[in-house]
Amino acid sequence: MNDAPPGVIGAWLHSFEEDTETTAVYRPRDHPFRPARRVRRGLEFRADGTYVELRPGPDDRPREMVGRWRAQPDGRIQVTFPQGHGRPYELNVLSCVDGVLTVAK
Amino acid sequence: MTEYGSPQPPSRDLCATMLVHRQLLNESMTYRSRRAAIENRALQYERGRRASLRTEVVTLPVVVHVVYNPKTPELNIGDAQIHSQIEVLNKDFRATNSDVGNVPAVWKPLVADIKVEFQLATLDPNGEPTDGIIRVPTDQLSFSWDNGVKASATGGSDPWPSDQYLNMWVCQLGGSLLGYAQFPGGPPQTDGVVILHSAFGTTGTAAAPFDGGRTATHEIGHWLDLYHIWGDDDGACTSDDKVADTPNQADSNTGVPTFPRITCDNGPHGDMFMNYMDYTDDAAMFMFTQGQATRMNACLEGTRASLLVGQVMRMPAPAAATSPAAAVAAVPAQQQPAHNGEVERLLHDSERLTNEILTDIRSALGLVTGDTGK
């Protein structure tokens, strides 16, 4: 995880009100989000390489998808789901400053 | 894609791990089996192979669990706020809500009276009088989506028997959730709906734009087996809500959309974003459809039939009606003379469904354990 963007470890929820056309904004899970009917997606980067994604579920609560994450030399984060429960993808972290994680859409 | 950080091979407690794994697998298969039976029944109703037996309005008994931290006294919401929620439900499920007239003309013929009403329970599980409201102080500052509010062991409130009552928990929820539900077929000890206190009812702590009581309408829709109108396919247009008269739409709508909103080539009328099972603001959702009514009836007369039978049992009956059979026989004579056969069919249907589910469960367990059941 040496190439991980500083401060990225932790659990984040999508602050979609702050998104732009090209960026998605995440804030720490304990941030005082305003209530929303649309379930917020979540990302959690654990120091041991475990990745937990929260996806909206059909019963209005998030569903956990557990995978692995690894920082790439170019700063991107590669996410895989070894259990075959999801397609791998890459996250392009643009910044992680003052409790605001900004990811390219 | 290169793998990394492979998990360490198990070095101890393998037996316990396997037991937990097997338990989870069994539970999962049991749930899948139940869901398959429920879905099969809904399909039969939708295709007209079965029709609803119900012609009268049913009233479901509700118990509201107010779980609050005494350090935040406003979380102990008042009776008026709870009554305001029941009032909204009784309008929304009868299509007597004041905003139903806002349904676009093209969909007005689809507006459905679900013929379900809700009433705070008047008898508790022991038969004692109650106002149907339970107030439970907790040390928890807020609850997550993990069912913690549904058990006293985790700082919540234990449900009343979910085959007799609709359990509604009202509390502070984390993660900005408005509420969540459990589909029929899940564990009885967590059956019911959970609502954020500020999205409950129309008075007290209810706050805009979720102060119209529609979160509970939406969650009870799930509890009666409705899916989200967009099919939970993440915008793919490949899955729908298994209801034919709701247009396929790409993703959830939020806020207050403007009609028409076209997605998934569903023009010219587009998304039915004013349906209770979308994600719009309370002021922007105001209808169930006939197809959704059919699906809810399949659920009410199937896996949740005990609530209908229970209603018969709770109806005023002659004092001599001390046994279930006597009560069932007595009520139609007093109130609904034509429905004696209907009740019997409902009871028969419930028994048959239970047997079907038990058979499915035995089959599933046999698959897991290798026991063919012979």
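Everything below is about the structure shown above.
In this text, all values refer to a predicted model and were calculated from it rather than measured experimentally. (Residues numbered from 1 in each chain as written. Chains lettered and ligands numbered in written order. Predicted model: local features only at pLDDT ≥ 70, side-chain atom pairs only at ≥ 80, totals over all residues. Heavy atoms only, no water.)

Caption draft 1: The arrangement of the pairing of strand S9 (residues 100-104) of chain A in detail. Residues and elements named next belong to chain A. For S9, the tally of buried residues reaches four of five residues, placing the bulk of the element in the interior. Alignment of strand S2 (residues 23-28) against S9, held across four bridges, turns out to be antiparallel. Paired with Val25 across the two strands is Thr102, which belongs to S9. As paired elements, strand S8 (residues 93-97) and S9 share four bridges and run antiparallel to each other. Across the sheet, the residue bridging to Val93 is Val103, located in S9. (Buried < 20%, exposed > 50% of the residue type's maximum accessible area, 1.4 Å probe, protein only. Helix = DSSP H or I, 4+ residues; strand = E, 2+ residues; numbered from the N terminus. Pairing = 2+ DSSP bridges.)

Caption draft 2: Highlighting the pattern of salt bridges. Taken as a whole and assessed by the stated rule, the structure comprises 24 salt bridges over all chains. For the salt bridge of Asp74(A) with Arg76(A), the shortest nitrogen-to-oxygen distance reads 3.7 Å. The exposed category is assigned to Asp74(A), whose relative accessible area is 55%. Given the relative accessible area of 32%, Arg76(A) is considered partly exposed. Across the pair Arg214(B) and Asp92(B) runs a salt bridge, and its minimum N-O distance is 2.8 Å. Taken as a pair, Arg214(B) in helix H3 (residues 214-223) and Asp92(B) in helix H2 (residues 79-92) lie far apart in primary sequence, 122 residues in all. A relative accessible area of 3% means that Asp92(B) is categorised as buried. Connected via shared salt-bridge partners are Arg35(B), Glu39(B), Asp225(B) and Arg295(B). (Salt bridge = Lys/Arg side-chain N within 4 Å of Asp/Glu carboxyl O.)

Caption draft 3: How the structure looks around the environment of Ala121(B). All names here are of chain B. Looking at where Ala121 falls in the secondary structure, it is placed in the loop between strand S2 (116-120) and strand S3 (133-137). According to the relative accessible area criterion, Ala121 is buried, its value standing at 4%. The spacing of Ala121 and Val62 is 59 residues in sequence and 5.3 Å in space, taken between C-alpha atoms. Residues contacting Ala121, with those up to four places away along its chain left out, are Pro61, Val62, Thr130, Asp131, Gly132, Trp160 and Tyr165. (Contact = heavy atoms within 4.5 Å.)

Caption draft 4: Local environment of the packing of aromatic side chains. All names here are of chain B. With the rule as written, the count across this model stands at 12 aromatic pairs over all chains. Ring plane angle 80° and centroid distance 5.6 Å describe the contact between Trp107 and Phe259, whose orientation is recorded as edge-to-face. Of this pair, Trp107 sits in the loop between H2 and S2 while Phe259 sits in the loop between H3 and helix H4 (290-300), and the two are 152 residues apart along the sequence. In this structure Trp107 comes out as buried when scored by relative accessible area, which is 6%. (Phe/Tyr/Trp six-rings, centres within 6.5 Å; stacked < 30°, edge-to-face > 60°.)

Caption draft 5: Structural context of unusual backbone geometry. All names here are of chain B. Going from Phe259 to Pro260, the amide bond is cis rather than trans, its omega being -10°. Its place among the elements puts Pro260 in the loop between H3 and H4. In the segment running from Gly267 into Pro268, the intervening peptide bond is cis, with an omega of 5°. By secondary structure assignment, the location of Pro268 is in the loop between H3 and H4.

Caption draft 6: Broad picture of the sheet that holds strand S7 (residues 89-91) of chain A. Residue and element names in this part refer to chain A. Strand order in the open sheet formed by nine strands is S7-S6-S5-S4-S3-S1-S2-S9-S8, and the pairing between neighbours is antiparallel. The two strands at the open ends of the sheet, each matched to only one other strand, are S7 and S8. Within the sheet, the average angular offset between the axes of one strand and its neighbour, ignoring direction, is 30°. By the bridge criterion, four bridges tie strand S1 (residues 10-14) to strand S3 (residues 42-45) in an arrangement that is antiparallel. (Axes fitted to C-alpha atoms, helices over the stretch in contact; angles between N-to-C directions.)

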